[in-house]
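# Summary of structural features
So you can see what is in the structure, the chains are spelled out below.
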Amino acid sequence: MNETKMSNSFKSYVGFDDHDSQSLNTSGEDSFSELNPRLLPGEVVIAEAQNVLLFAPVSEQKQGKSGNLSVTNYKLTFVTTEERQRENMKVLSFSFKFSPVGHGKTLTNALLHHAFPRRHQLLFAYDYREPYYNCQRDVCSFRALNDWERELSRTGCTGWRLSAINQSFQLSTSLPQWLVVPQAVLDWQLGDAARHFRGSRPPIWCWGSPQGAALVRMADIHPTITDRVKENVMLENVRKSHPQRKQPLLLDLSKDLPNPKDVQLSFMKLRELCAPESLRQFWVQDGHFFSSLENSRWLHIVSACLCKAIEAAQAIQRDETVVLQEGDGRDMCCIIASLVQILLDPYWRSLCGFQTLIQKEWVALGHPFCTRLAHVYSNDTEQSPEFLVFLDCMWQLLQQFPIEFEFTETYLTTLWDSAHVSIFETFLFDCERDRTLATESEPNSRLLLRSIWDWGEQFPERDIALFTNPLYEPCSQSNAKELAAQGGVSSLLLWKQCYFRWLPLLEIPGGGKTQVDLRIRQLTAEVAALQRGDSVPEQILTQVSSFFPFSHGVTRSGTLLASSLALNTSFMPGEALLDSQSLLNAPD
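### Some words on the overall build of the chain
The number of helices and strands found in the chain is 19 helices and 13 strands. Relative to its full complement of 588 residues, the chain shows a buried share of 55%. In the chain, 74% of the contacts between residues at least 6 apart in sequence involve partners at least 24 apart. Split by element, the accessible area of the chain, about 25300 Å² in all, is 50% carbon and sulfur.

Set out below in C-alpha cells:
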C-alpha cells in the first residue's frame, strides 16, 4: 500500500461475525428517531445510519453500544440513549449489521467526501455562523507594523530595520507583509537577492539579544542557480548587523535534520504503535514495544531537533549570530527557531509568550499548516506533523524544567488537538497571503477570522485553569536565565498523555503525574486561601486517572476545589465527536 493510501484511509467495520444478540442493545428503529446530534450554527447533517453498534476501543468486540451515527459538514457523531461512559476514543469500530440496508455505505461515502475536502472553501470554518467578539488581546498577530516594532524594542537588538518591501506580498507569498532585515541592505537590493532564494525568502530576523547576536531564518538558494553570490552578499549584510561585525554561524538544517517525508513516515509508525486497532494487536505489539518505538525513529527526530536548538542557543550565548537555513525555510526552521528562543528568553515560557511565539514563528512566518496537516486534500499534499514534533520537544523541556514554564502538558496536548479544528483560522492556512485572500473574497464565502488563542470560545474558566502550572514563577529580564537542556535520546521520554490517552488498558486510576498535579493544585489553593485569611476551599475531586482530562476512568469525588479545578466537562461532550476534532467543540 502506498503512503498516500495509508495516510488517507478510512476503515469501516461492516458485517462482523455474529454476536450473541442478548449482549447487544438493539432496540427498535422508533427509539432512534429522536437521537439527533447537537449541531453548531451552520452545521448540517449530511448522512445518517440508525441502529449502529459502537464497540469499545481495543476490546474483544463482544458487546456493542447501539445508537445513531451521523456525518455532518463538521464531524462524525454517535448518539446513544445509554448512559455514557466517560472515555474518549481514537480507533473506532462500528457495525452496521442491524442498520437499514444502504445506511452504512451512504454514511461511509459521506464521511470520505467531507473528511478530505479538496478546496479550502469547503472547510467548516466558512460555514460556521456563531458570532465572534475576539476577546483575546494579549497575543500579537505580527500582521501589523507595531507588532514587529514592539518585538524589536523588547529584545533590544540593534543593527536591524523594518522593511515594507513585501506589502501586498509582492516579494514573497509566504512571508508576512512587514519584514525585519539587516540595516545595511536597501530594499532594492533585498528584492534583487530574494529572487535567488526558494520561495523568495532571503535572510529574515526573528529574534535577537541586547548584546547584538541575532537569530535569522532563510531558505536555500534555488537549485537551478549555480553561484551563491547573492547569498554571500546577504550573509555579509547579516554580519554587518552585529555590533562587533562577527561572522554569523550558518546552520544547514537540511543536512542534519529530517525532511517532511521522513517525519511523516516516522509519525505513521508511531501512530500504528500507539493506536492499535484490536486487543490482539495491542498484546502482540506489547511484546516488542521498545524495539518498535526505536524503529519508528520518533524520539530520534525529537532528539535531533533539541540538540540542534541547543547548539544554536550556545552560539548565541557566545554572542554569535545564528542563521538557520533549509529548503523553503518553513518547516525545521520553525521548530529550531522556536526552541532556541524558548531556551534563551524566559518571556516565551509564559503562556501568553508561548502563544505569541507560535504566532510569530509558525503562523506569520509561513509554516504550511494547511498542507502539512492535510486540511485540504490533494494528490500532491506532503503531509507531515512538524508542529507535533515541536510540541513534543516542548513537552520534553517541561519534564526537565517543571517550574520554568507557565503552561502544562494538558495545554500542549490540547494545542495539538486544536490544530485539527476547522473552525479557528490560526492553523488553517499555509501563509498570511492565503489568510488575507480568504477575508477579502466574495461576501458569501468570506471567512471570519477566529483566533485559537481565544480559549474562552471553547472552554469555561475552570477548564482553562488546567493550562497553567501552579508552580510557575515568572522572572524578569534582569534575572533571566537560559535553560541548560539535555537533548540526547537517553534523556527523553514518550509523551504518554498525548499518544496513549486512547488506550483504556494503559490508564492508571488514581495514579500518574496527573494525580500529583491535582494535589499540587489543591495545596496551592489552600495556601492562597490561608494567605487571604479565607477558609480552606472544599474539594470535589480527590482522585483522577492518569490521562485526565482526556479520558475518564475512575474519579473519586470528595470536596470542591472551587478556585481552580473541576471536572473538565468540555472534554465530556453530550455526544461523542468521533473525528480528530472530537475534544474541543461539543456544545454545552
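### Side note on the environment of Ala47
Inspection of the secondary structure puts Ala47 in strand 1 (residues 45-55). A residue is classified by how much of its surface remains accessible, and Ala47, at 7% relative accessible area, is buried. Distance in space between the C-alpha atoms of Ala47 and His103 is 8.2 Å, their sequence separation being 56 residues. Once residues lying within four places of it in the same chain are set aside, the contact partners of Ala47 are Leu69, Ser70, Val71, Thr106, Leu107 and Ala110.

### Structural notes on the sheet that holds strand 8 (residues 214-218)
The strand order across the open sheet formed by 4 strands is 7-8-10-9, and the pairing between neighbours is mixed. Two strands bound the open sheet, and with one partner strand each, they are strand 7 (204-208) and strand 9 (249-252). Geometrically, the sheet is characterised by an average inter-axis angle of 25° between neighbouring strands, direction not taken into account. Sheet topology places strand 9 next to strand 10 (residues 322-325); 4 bridges connect them, and they run parallel. Considered in strand 10, the bridge of Leu249 is made with Val322.

### Structural notes on the environment of Leu373
Along the chain, the position of Leu373 falls in the loop between helix 13 (369-372) and helix 14 (386-400). Judged by its relative accessible area of 10%, Leu373 is buried. Leu373 sits 10 residues away from Gln383 along the chain, and the two C-alpha atoms are 5.8 Å apart. Among all residues touching Leu373, those that are not within four sequence positions of it are Gln383, Trp416, Ala419 and His420.

### Section: the packing of aromatic side chains
Per the stated rule, a full pass over the model turns up 32 aromatic pairs. A ring pair is formed by Phe387 and Phe390, whose centres lie 6.3 Å apart and whose planes are at 35°; its orientation type is tilted. One end of the pair, Phe387, and the other, Phe390, are both in helix 14, 3 residues apart, so they sit about a helical turn from each other. Overall, the relative accessible area of 1% leaves Phe387 in the buried class. One Lys or Arg, Arg154, reaches over the ring of Trp348 and ends 4.8 Å from the middle of that ring. Seen from the ring of Phe550, Arg501 lies directly overhead, with NZ or CZ sitting 4.9 Å from the centre.

### Overview of the nonpolar core
The tendency in soluble globular proteins is for nonpolar side chains to be buried as a group. Counting residues in hydrophobic clusters, the biggest one holds 123 residues, and the most contacted among them are Phe354 and Phe387. Here this core takes 12 residues from helix 10 (residues 298-317), the largest share from any one element. By size, the runner-up hydrophobic cluster in this structure holds 14 residues, among which are Val52, Val71, Phe96 and Leu107.

### Quick notes on empty space enclosed by the protein
Considering all chains together, one arrives at 5 cavities of 30 Å³ or more under this definition. Estimated volume of the second largest cavity: approximately 50 Å³. As for the second largest cavity, its lining consists of Leu175, Arg201, Pro202, Ile204, Arg217, Met218, Ala219, Gly329 and Leu365. The class makeup of the residues in the lining of the second largest cavity is 6 nonpolar, 1 polar and 2 charged.

### Points about the side chain of Asp454
Tracing the chain through its elements places Asp454 in the loop between helix 16 (432-439) and helix 17 (461-464). A relative accessible area of 5% means that Asp454 is categorised as buried. Within polar-contact distance, the side chain of Asp454 engages the side chain of Tyr132 at 3.4 Å.

### Let's talk about helix 16
Along an α-helix, a turn takes 3.6 residues, which lines up residues three or four apart on a common side. Within the sequence span of helix 16, burial applies to Glu432, Arg435 and Ala438. Down the axis of helix 16, the buried set is contained in an arc of 125°. They therefore lie on one face. Of the surrounding elements, those touching the buried residues of helix 16 are helix 12 (351-364).

Cut-offs applied
- Residues numbered from 1 in each chain as written.
- Predicted model: local features only at pLDDT ≥ 70, side-chain atom pairs only at ≥ 80, totals over all residues.
- Heavy atoms only, no water.
- Helix = DSSP H or I, 4+ residues; strand = E, 2+ residues; numbered from the N terminus.
- Buried < 20%, exposed > 50% of the residue type's maximum accessible area, 1.4 Å probe, protein only.
- Contact = heavy atoms within 4.5 Å.
- Areas by Shrake-Rupley, 256 points an atom, 1.4 Å probe, with all protein chains shown as cover.
- Pairing = 2+ DSSP bridges.
- Axes fitted to C-alpha atoms, helices over the stretch in contact; angles between N-to-C directions.
- Phe/Tyr/Trp six-rings, centres within 6.5 Å; stacked < 30°, edge-to-face > 60°.
- Lys NZ or Arg CZ within 6 Å of the ring centre and 35° of its normal.
- Core = buried A, V, L, I, M, F, W, Y, C linked by side-chain atoms within 4.5 Å.
- 1 Å grid on protein atoms, 1.4 Å probe; cavity = no way out; pocket = protein on both sides within 12 Å on 5 of 7 lines; lining within 4 Å.
- Points joined across faces, edges and corners; volume = space filled by probe spheres on them.
- Nonpolar A, V, L, I, M, F, W, Y, C, P; charged D, E, K, R; others polar.
- Polar contact = N/O pair within 3.5 Å; in protein donor to acceptor, adjacent residues only side chain to side chain.
- Arc of directions from axis to C-beta.

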